[in-house]
There are 2 protein chains.
Amino acid sequence: MPQILTSRFLFGPGPSNCYPEAMAALSWPVLGHLDPVFIERLDRVCEGLRTVWGTSNARTLPLSATGSGGMEAAFVNTVSDGDVAVIAVNGLFGARMCEVARRCGATVVRVDHEWGQPVDADRVLSAHPHPKVIAAVHAETSVGVQSDIAALGAGKGDALLITDAVTSIGGLELLADDWGIDVGYAGTQKCLGVPPGLSPFTVSDRAFERRVKDPRSWYLEIGLLGGYVGAASGSRTYHHTAPVTMIAGLEAALDRILAEGLDVVQARHRAAGTALQEGLQEMGLELFAAEGARLPSLTTVKVPDGVNSAAVRAYLLEHFSMEIGAGVGEYTDTVWRIGMMGPNANSASVTLVLGALKEAMAKASV
Amino acid sequence: MPQILTSRFLFGPGPSNCYPEAMAALSWPVLGHLDPVFIERLDRVCEGLRTVWGTSNARTLPLSATGSGGMEAAFVNTVSDGDVAVIAVNGLFGARMCEVARRCGATVVRVDHEWGQPVDADRVLSAHPHPKVIAAVHAETSVGVQSDIAALGAGKGDALLITDAVTSIGGLELLADDWGIDVGYAGTQKCLGVPPGLSPFTVSDRAFERRVKDPRSWYLEIGLLGGYVGAASGSRTYHHTAPVTMIAGLEAALDRILAEGLDVVQARHRAAGTALQEGLQEMGLELFAAEGARLPSLTTVKVPDGVNSAAVRAYLLEHFSMEIGAGVGEYTDTVWRIGMMGPNANSASVTLVLGALKEAMAKASV
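Because the structure is a prediction, the values reported are computed rather than measured. (Residues numbered from 1 in each chain as written. Chains lettered and ligands numbered in written order. Predicted model: local features only at pLDDT ≥ 70, side-chain atom pairs only at ≥ 80, totals over all residues. Heavy atoms only, no water.)

*Asks:* Mind laying out the sheet that holds strand E2 (residues 59–63) of chain A, listing which residues take part and the relevant values?
*Replies:* The strands making up a sheet associate through hydrogen bonds between their backbones, and the pairing can be parallel or antiparallel. Residue and element names in this part refer to chain A. Spatial ordering of the open sheet is given by E2-E10-E9-E8-E5-E3-E4, a layout of 7 strands whose pairing is mixed. The open sheet has two edge strands, E2 and strand E4 (107–112), and neither has a second partner. If you compare each strand with its neighbour and ignore which way they point, the axes differ by 15 degrees on average. Two elements, strand E3 (residues 84–89) and E4, share 6 bridges in a ladder whose sense is parallel. The residue bridging Val84 from the neighbouring strand is Thr107, located in E4. Here helix H4 (residues 92–103) sits on the sheet in contact with E3, E4, strand E5 (133–137), strand E8 (160–164) and strand E9 (183–185), set at roughly 165 degrees to E3. (Pairing = 2+ DSSP bridges. Helix = DSSP H or I, 4+ residues; strand = E, 2+ residues; numbered from the N terminus. Axes fitted to C-alpha atoms, helices over the stretch in contact; angles between N-to-C directions. Contact = heavy atoms within 4.5 Å.)

The structure is reproduced here in structure tokens:
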């Protein structure tokens, strides 16, 4: 038998708890992927995604894969054997970009940063004289750091700018067109408040013209995907069976976010993140991410000396049914990651997390 | 505003209507992808998938992509530049395999069959003396034909056998181990009665040993995916954020199917398909797929002369909120595809479809 259902407060790095509108939409009647009602739904989703991406790109769509699939789609469509990819690395997902780009055949120029620090645009832009692509993570989930993508866009020259917006889309300011993002990918399970499984994806006309014409991947080829959403001519060409139910959930979440107001939602994320970070510091804890580059949607905080990270997380799970995240890599046991995303980005969440963490630190470590 | 919700009878080639247990599970509380309760769920799903695949393969898992993503995973993990892939083509999905394999660098030996006919194992097995892989579709959704995979397995020699089971898994007999399937992929939105978005995937130890060691795809690499589900050592390595909600739906559907009894479910699909095919012939219609190779889960029937296929389908959609499928390729306007899958595989569905089709043919074509 399956285990008894357990509800969870999801304050980790994602998935977050989802907007109730999104969860309700998952049980809407299933539609065929060629049904006119579904096609209209898909069009509305693409339009809503343009709003949260801050773009007018025709090729803006929910990719039928998770955020990591979106990362792969970004590179497989832009680099092939011998193309130079300059990649900023200030956490796990920048490092993953290097591996994905390498497999696509790119010559990777990796620009490492200390974890916890934002991307240094000058170093990245001067790393190679004429890269095919420059790539960076807007909101590094592994370290809780946001970087200045606009600075990369301003100096990119002929290069295409790839941006990971998994932990910013729907919660932080994101202006793909103004910032010069050519290819962007994201996830649904963070600030958008939808379960994981789709990757909001956007490609500029400039990137589309300079795309890899016969990429190794059929499933992720932007030419075929663009045809499916009718991006080019208004006519549609069957590609694969769209995940219709997840797309219904995404539609409902986008409607909810845009009804609340994207600026209001962003302000709610900022307020929750700021309150959490202040509260943690008032408890005597030290934040991990550099001041001035701290993500509101995901806060990283150092585990105090003498406190057992895993024991605290286990206590929270057992006594509060609450998930917070461990750190990543060498920081697994020395950093916690606490998300305030989607419907969780509010002052009640902050109070709950701070109270629970205080109790857990007192009781779990003795 | 989104369009008013419309329920649909989904009697097309898929997605089908889903098991109510699966739809209910989609609104279960979202869990973190590292939550112990989710890990137990994932283990149960992998075990249930082994049962419906008819395999004991450790590397049996729900891939975070649709069936077409599963197809790509099958080839990207088994063929690279210059490897020979013999591919049986008796419909659209066999043809798609050729394109996907080509992009992976394979030298494709394509063995074409007349559409509507099953795969001729002798021709396929004699097409090349020492291919790296042999691939065929078990249940060709585009033509409603099933083929003898066991015959390919018996004669495969050193080759790895890749099989598409998208429209057979969960509804037709499928014995991956007995038939000699090395790599199999499927979809959830047909006989399994779950919305589209996951690809049940299985890889034999033999195929794993002979896999492409550094495949072009990071997202679909079976080595990394096997690590995530703890296939090798029992320990787990984070790969990507699993689509936790879709996996909950799949768990519920598998539980439902196995509680009903896999043999009972298969018998229900056979009975519904047979009754539909007899009923269509009694109406004077001619079936498209060759006798003896007709899929119970998906029936293809010729559109009678003088009948407008699109008008009939539009009538069904408008008056019955019912979807049936058009044909594929050159048969778009001359063949209908009618699915009896998952919860829809029952006698009431047959009566409803036959009655609705009779009315639509009488009224929509005048």
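*Asks:* Can you explain the relation of the copies chain B and chain A? Please cite residues and give values.
*Replies:* Between the two copies of this chain, the relationship is a rotation about some axis together with a displacement along it. Screw-axis analysis of chain B against chain A gives a translation of 0.0 Å along the axis, an RMSD of 0.0 Å, and a rotation angle of 180 degrees. The operation mapping one copy onto its partner corresponds to a two-fold rotation axis. Looking at the rotation axis and the C-alpha trace of chain B, the residue lying nearest is Ala65 of chain B, at 2.6 Å. Taken as a fraction of all interface residues of chain B, those also at the interface in chain A reach 100%, which identifies the copy contact as same-surface. (Least-squares fit on C-alpha atoms with pLDDT ≥ 70 in both.)

*Asks:* Pulling in residues and values, what's your account of the nonpolar core?
*Replies:* Membership of the largest hydrophobic core comes to 174 residues, with the highest contact counts inside it found for Phe75 and Phe201 of chain A together with Phe75 and Phe201 of chain B. Beyond its immediate stretch of four places on either side in the chain, Phe201 of chain B contacts Trp53, Arg59, Thr60, Leu61, Leu63, Gly70, Ala73, Ala74, Val183, Gly184, Tyr185 and Ile222 of chain B. The next biggest cluster of nonpolar side chains, apart from the first, holds 26 residues, and it includes Leu276, Leu280, Leu285 and Val303 of chain A. (Core = buried A, V, L, I, M, F, W, Y, C linked by side-chain atoms within 4.5 Å. Buried < 20%, exposed > 50% of the residue type's maximum accessible area, 1.4 Å probe, protein only.)

*Asks:* Help me get a handle on the interface of chain B and chain A, residues and values and all.
*Replies:* On the chain A side, the residues contacting the 68 residues of chain B number 68 residues. Of the roughly 5500 Å² buried at the junction of chain B and chain A (both faces included), carbon and sulfur atoms supply 57%. The interface formed by chain B and chain A contains 8 salt bridges. Of the charged contacts in the structure, one is a salt bridge between Glu221 of chain B and Arg103 of chain A, with a shortest N-O distance of 2.7 Å. Counting across the interface, chain B meets chain A through 24 residue pairs in polar contact (both at pLDDT 80 or more). (Buried area = accessible area lost by both parts, 1.4 Å probe. Salt bridge = Lys/Arg side-chain N within 4 Å of Asp/Glu carboxyl O. Polar contact = N/O pair within 3.5 Å; in protein donor to acceptor, adjacent residues only side chain to side chain.)

*Asks:* Describe the pairing of E3 of chain A, naming the residues involved and giving the relevant values.
*Replies:* Residues and elements named next belong to chain A. Most of E3 is tucked away, with 6 of its 6 residues classed as buried. Burial along E3 is two-sided: the residues Val84, Val86 and Ala88 and Ala85, Ile87 and Val89 are all buried. In this fold, E3 hands off to H4, which returns the chain to E4; that crossover is right-handed. Strand direction decides the pairing type here: E3 and E5, joined by 3 bridges, are parallel. Among the inter-strand pairings, Ile87 is bridged to a residue of E5, identified as Ala135. (Right-handed = clockwise from strand over helix to strand, strands pointing away.)

*Asks:* Before we move on, could you go through the side chain of Ser217 of chain A and cite the residues and values that matter?
*Replies:* Tracing the backbone shows Ser217 of chain A in the loop between helix H8 (205–209) and helix H9 (222–228). Of note is the side chain of Ser217 of chain A, whose polar atom sits 3.4 Å from the backbone nitrogen of Tyr219 of chain A. Among the polar contacts listed, one links the side chain of Ser217 of chain A to the backbone nitrogen of Leu220 of chain A, at a separation of 3.0 Å. For Ser217 of chain A, the contacting residues outside a window of four places in its chain are Val76 of chain A together with Glu72 and Arg103 of chain B.

*Asks:* Describe the domain arrangement of chain A, and please don't skip the residues or the numbers.
*Replies:* Residues and elements named next belong to chain A. Domain boundaries assigned for chain A yield domain 1 (9–15 + 262–364) and domain 2 (20–259). Look at where the C-alpha atoms of domain 1 and domain 2 centre, and you get two points 26 Å apart. Contacts between the two partners involve 24 residues from domain 1, matched on the other side by 29 residues from domain 2. Taken together, both faces of the contact between domain 1 and domain 2 bury some 2000 Å²; the carbon and sulfur share is 67%. Of all residues in domain 1, the largest losses of buried area upon contact with domain 2 belong to Leu262, Leu295 and Val328, amounting jointly to 26% of the total for that side. Linking domain 1 with domain 2 are 0 salt bridges. Between the two partners, domain 1 and domain 2, sit 9 residue pairs in polar contact (both at pLDDT 80 or more). (Domains from an automatic or database assignment.)

*Asks:* Which residues make up the sheet that holds strand E13 (residues 325–326) of chain A, and what values do they have?
*Replies:* Residues and elements named next belong to chain A. One open sheet accounts for 3 strands, arranged E11-E14-E13; its pairing is antiparallel. For this open sheet the edge positions go to strand E11 (298–302) and E13, each flanked by a neighbour on one side alone. When E13 meets strand E14 (residues 335–339), the two strands line up antiparallel, connected through 2 bridges. Each bridged residue has a counterpart across the sheet, and for Ala326 the counterpart in E14 is Trp336. Contacting E11 and E14, helix H11 (residues 262–282) crosses the sheet at an angle of about 10 degrees to E11.

*Asks:* I'd like a description of the UniProt feature "binding site: substrate" (unreviewed entry) in chain A, backed by residues and values.
*Replies:* Residues and elements named next belong to chain A. The residues that UniProt annotates with the feature "binding site: substrate" (unreviewed entry) are Arg337. Within the secondary structure layout, Arg337 lies in strand E14. Arg337 sits in the buried class, given a relative accessible area of 10%. Reaching out from Arg337, the side chain makes a polar contact with the backbone oxygen of Thr141 at a distance of 2.9 Å. (UniProt positions renumbered as here; feature names shortened; annotations may be inferred.)

*Asks:* Please give an account of the pairing of strand E10 (residues 199–203) of chain A that cites residues and values.
*Replies:* Residues and elements named next belong to chain A. Within E10, 5 of the 5 residues are buried, leaving the element largely enclosed by the surrounding structure. Here E10 shows no split at all, with Ser199, Phe201 and Val203 on one side and Pro200 and Thr202 on the other all buried. As paired strands, E2 and E10 are joined by 5 bridges and run antiparallel to one another. Counted as the bridge partner of Thr60 is Thr202 from E10. With 3 bridges joining them, E9 and E10 adopt antiparallel strand pairing.

*Asks:* Go over the packing of helix H11 (residues 262–282) of chain B against helix H13 (residues 347–364) of chain B with me, naming the residues and quoting the values.
*Replies:* Residue and element names in this part refer to chain B. Relative orientation of the contacting elements H11 and H13 amounts to 25 degrees, with a least axis distance of 10 Å. Judged by the angle between their axes, H11 and H13 are roughly parallel. Judged by the sense of rotation from one axis to the other, the crossing of H11 with H13 is right-handed. Residues Ala272, Ala275, Leu276, Gly279 and Leu280 of H11 pack against Val350, Val353, Leu354 and Leu357 of H13. Classifying every residue of the contact of H11 with H13 gives 8 nonpolar, 1 polar and no charged. (Parallel < 35°, antiparallel > 145°, perpendicular 65-115°, else oblique. Left-handed = near helix turned anticlockwise from the far one by under 90°. Nonpolar A, V, L, I, M, F, W, Y, C, P; charged D, E, K, R; others polar.)

*Asks:* Residues and numbers for the pattern of salt bridges, please.
*Replies:* Counting across every chain of the model gives 38 salt bridges over all chains. For Asp81 of chain A, the salt bridge identified is with Arg216 of chain B, shortest N-O distance 3.1 Å. With Asp81 of chain A in the loop between helix H3 (67–76) and E3 and Arg216 of chain B in the loop between helix H8 (205–209) and helix H9 (222–228), this residue pair bridges two chains. We note a salt bridge from Glu99 of chain B to Arg102 of chain B, for which the minimum N-O separation is 3.0 Å. Of this pair, Glu99 of chain B and Arg102 of chain B both sit in helix H4 (residues 92–103), 3 residues apart, roughly one helical turn. Residue classification places Glu99 of chain B among the partly exposed residues on the basis of a relative accessible area of 24%. Salt bridges linked by common partners bring Glu99, Arg102 and Arg103 of chain A together with Asp214 and Glu221 of chain B together as one network.

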